[in-house]
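Summary of the model geometry
Below, each chain spelled out in residue letters.
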Amino acid sequence: MCRPPSPAGLNFKDPEAVRALTCTLLKEDFGLTIDIPVERLIPTVPLRLNYIHWVEDLIGHQDAGERVVRRGIDIGTGASCIYPLLGATLNGWYFLATEVDDMCFNYAKKNVEQNNLSDLIKVVKVPQKTLLMDALKEESEIIYDFCMCNPPFFANQLEAKGVNSRNPRRPPPSSVNTGGITEIMAEGGELEFVKRIIHDSLQLKKRLRWYSCMLGKKCSLAPLKEELRIQGVPKVTHTEFCQGRTMRWALAWSFYDDVQVPSPPSKRRKLEKPRKPITFMVLASTVKELSIKAAAMGWDAVEAIAVVRAWVEKILTDLKVQHKRVPCGKDEVSLFVTAIENSWIHLRRKKRERVRQLRELPRASEDVLQAMEEEKNSQKSESNNSGCENSKTEDSEMGIMVPDEGVHLTTGDELPEESAAKEECGEHVKEETETKQGETSLGKGSSNAKEESCSSEESSNLTVEKEQSPKETSRCFLFKCLMNVKKEGKDVLVEMHWVEGQNRDLMNQLCTYLRNQILRLVAS
């Protein structure tokens, strides 16, 4: 029957094996006995069953006590007549099954008769290119609940073989295609075939409550939905069937206002594979140095895990990253970390900017530096006295701080326009001191003082903003992670497990910052 690659395998390239599987499943699970010629399409049972269940959702499930007769049409029933057989066996539906191929028509009638379902299933032979209009001429008074169709997917032989129609990155089909010409090919492929059904439905309208078709290509779904929109069809929905490696789509539409429209499948997010935590190791020698520094600071941390945890907590506190201890296993410590802002990058960026600015400042000669230092020392005492007195006088009279003419301002120094006299005096002294120190090393300290003043103002503004919006802080965060500190032999391992947030790279940045800060502690 087949040449399985393993004792439990099945060769789906062998038509005889595929036919035996389909017949066995129908017999074992539904009590149906059928015959299928190898020269015609051999249906897969799970995929057809999915379509039947979706039709159940379209027309609505009926209660056990109800005896409502449901009527459906199967366009191109095939030799197996599988949709009518499943629908009649499972739900007692009445079917009108149409077929254009002589061999398929004969086998379909035989399969219905040998399963004693002739009272529920009527198989009719129709001319080529006949879909719904000709099939319903004789039964003009019957209102059908639905129609189903598994249309020919391909437009020609090359397309059926996958030439210029199949993505080269996709693996080749895993099963054999046994369909006849009328079963797998039609002019224009499935797109034009379904458009013809849409054209018939525009004339029949409420003769059927639901029109539906299965699609073999996802790219056919959008143009068909657009066609229905252009034609003004009020109720449209779709779904997808996923069975093993095979994907199929289905489209349904209705002209009735009272039908319940099942929701289309939502865009499912692919399940993320569990990722390994981001880790770094603190060696035993490093832990020893950290213990000495911890003891010097008066910390009571003794064990290696406690020492590393204490330093990590201090670094997180300095970064203003929220953290709290959570229950964990034995011989480890866990912290739940919530990062509100990217403070570790801000610190590094500011430091790099200061270094860059200092490098760009021109060097002055030693004579110039000494002369400027003496001048600053003489001006320092004058500015302390005259600056403070004038500030008090003008502040009391006008309420505005005006720069004193007697105070020498170097290029780039700025005084705030609104400030208290005492604060201004203290700030000016501080700026002069910083200016003197910067000039001693680089020759021009005024620009450096300005940059320091600006950076301090920015940090104070950030602090004020944070104090003014505690609600925003509680709602917004960059990421959350679980940090585990545990022994790894004589060393200590720090793990950071992603929980949720905007970007996993941010957690990676924080991990790198923590590791580097611990190494700097030891190096210093």
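For the structure, check the block above.
Below you will find a few notes about this structure. (Residues numbered from 1 in each chain as written. Predicted model: local features only at pLDDT ≥ 70, side-chain atom pairs only at ≥ 80, totals over all residues. Heavy atoms only, no water.)

**Comments concerning the sheet that holds strand β12 (residues 491–501)**
Strands in a sheet are paired, the pairing made by backbone hydrogen bonds, and the direction either parallel or antiparallel. Strand order in the open sheet formed by five strands is β8-β12-β11-β10-β9, with antiparallel pairing between adjacent strands. The open sheet has two edge strands, β8 (278–282) and β9 (322–326), and neither has a second partner. Within the sheet, the average angular offset between the axes of one strand and its neighbour, ignoring direction, is 20°. Taken strand by strand, helix α9 (residues 284–296) contacts β8 and β12, and its axis lies near 70° from that of β8. (Pairing = 2+ DSSP bridges. Helix = DSSP H or I, 4+ residues; strand = E, 2+ residues; numbered from the N terminus. Axes fitted to C-alpha atoms, helices over the stretch in contact; angles between N-to-C directions. Contact = heavy atoms within 4.5 Å.)

**Some details on the sheet that holds strand β3 (residues 121–125)**
Taken together, the seven strands give an open sheet; going across it, the order is β3-β2-β1-β4-β5-β7-β6, and neighbouring strands pair in mixed fashion. Each edge of the sheet is formed by a strand with only one pairing partner; in this case those strands are β3 and β6 (235–243). On average, each strand axis in the sheet is tilted by 20° relative to the strand beside it, whichever way the strands run. Here strand β2 (residues 94–99) pairs with β3 via five bridges, running parallel. Bridge pairing in β3 places T98 opposite V124. Contacts between helix α4 (residues 102–114) and the sheet are confined to β2 and β3, with β3 contributing the most and set at about 165° to the helix. Seen against the sheet, helix α8 (residues 221–230) touches β5 (208–215), β6 and β7 (246–254) and runs at an angle of roughly 0° to β7.

**Overview of unusual backbone geometry**
Although it is not a glycine, C81 sits at a positive phi angle of roughly 55°. Within the fold, C81 resides in the loop between β1 (71–75) and α3 (82–91). Residues other than glycine seldom take positive phi values, yet K320 does so here, at roughly 60°. Assignment of secondary structure puts K320 in the loop between α10 (304–318) and β9.

**Points about the pattern of salt bridges**
As enumerated under the stated definition, the model contains 12 salt bridges in all. Between E226 and R229 there is a salt bridge; the shortest N-O distance is 2.6 Å. Separated by three residues within a single helix, E226 and R229 lie in helix α8, roughly one turn from each other. Judged by its relative accessible area of 56%, R229 is exposed. A salt bridge links R325 to E313, with the nearest nitrogen and oxygen atoms 3.0 Å apart. Taken as a pair, R325 in strand β9 and E313 in helix α10 lie far apart in primary sequence, 12 residues in all. Residue E313 is classed as buried on the basis of its relative accessible area of 14%. (Salt bridge = Lys/Arg side-chain N within 4 Å of Asp/Glu carboxyl O. Buried < 20%, exposed > 50% of the residue type's maximum accessible area, 1.4 Å probe, protein only.)

**Notes on the packing of α10 against helix α16 (residues 504–523)**
At a closest axis distance of 11 Å, the pairing of α10 and α16 adopts a crossing angle of 115°. Relative to α16, α10 is oriented so that their crossing is right-handed. Residues W311, V312, I315 and L316 of α10 form the contact with α16, whose participating residues are L510, Y513, L514, Q517, I518 and L521. (Left-handed = near helix turned anticlockwise from the far one by under 90°.)

**Focus: the pairing of β7**
Relative to β7, β5 runs antiparallel, the two sharing five bridges. In the sheet register, L215 faces β7, and the bridge partner there is W249. When β6 meets β7, the two strands line up antiparallel, connected through nine bridges. When the bridges of β7 are listed, T237 appears paired with A252. Connecting β6 to the antiparallel partner β7 that follows it, the hairpin turn spans two residues, and G244 within it adopts a positive phi of roughly 65°.

**A closer look at the side chain of S343**
In this fold, S343 is placed in helix α11 (residues 343–360). Here the side chain of S343 touches L319 through a polar contact of 2.6 Å, landing on its backbone oxygen. Those residues in contact with S343, other than ones at most four positions away along the chain, are L319 and V321. (Polar contact = N/O pair within 3.5 Å; in protein donor to acceptor, adjacent residues only side chain to side chain.)

**Quick look at the packing of α9 against α16**
Closest axis-to-axis distance for the α9/α16 pair is 9 Å, and the angle between their directions is 70°. Classified by the angle between their axes, α9 and α16 sit roughly perpendicular to one another. Crossing of α9 over α16 shows left-handed handedness. Taking contact as the criterion, the partners of T286, E289, L290 and K293 in α9 are, on α16, I518, L521 and V522. Here the contact of α9 with α16 is built from residues that sort into four nonpolar, one polar and two charged. (Parallel < 35°, antiparallel > 145°, perpendicular 65-115°, else oblique. Nonpolar A, V, L, I, M, F, W, Y, C, P; charged D, E, K, R; others polar.)

**Thoughts on the packing of aromatic side chains**
The description of an aromatic ring pair rests on the distance of the ring centres and on the angle between the ring planes. Applying the stated criterion across every chain yields a total of 11 aromatic pairs. Over the aromatic face of Y256 sits the side chain of R209, whose NZ or CZ is 4.6 Å from the ring centroid. When the ring centre of F477 is taken as origin, the NZ or CZ atom of K480, which lies over that ring, is 4.5 Å away. (Phe/Tyr/Trp six-rings, centres within 6.5 Å; stacked < 30°, edge-to-face > 60°. Lys NZ or Arg CZ within 6 Å of the ring centre and 35° of its normal.)

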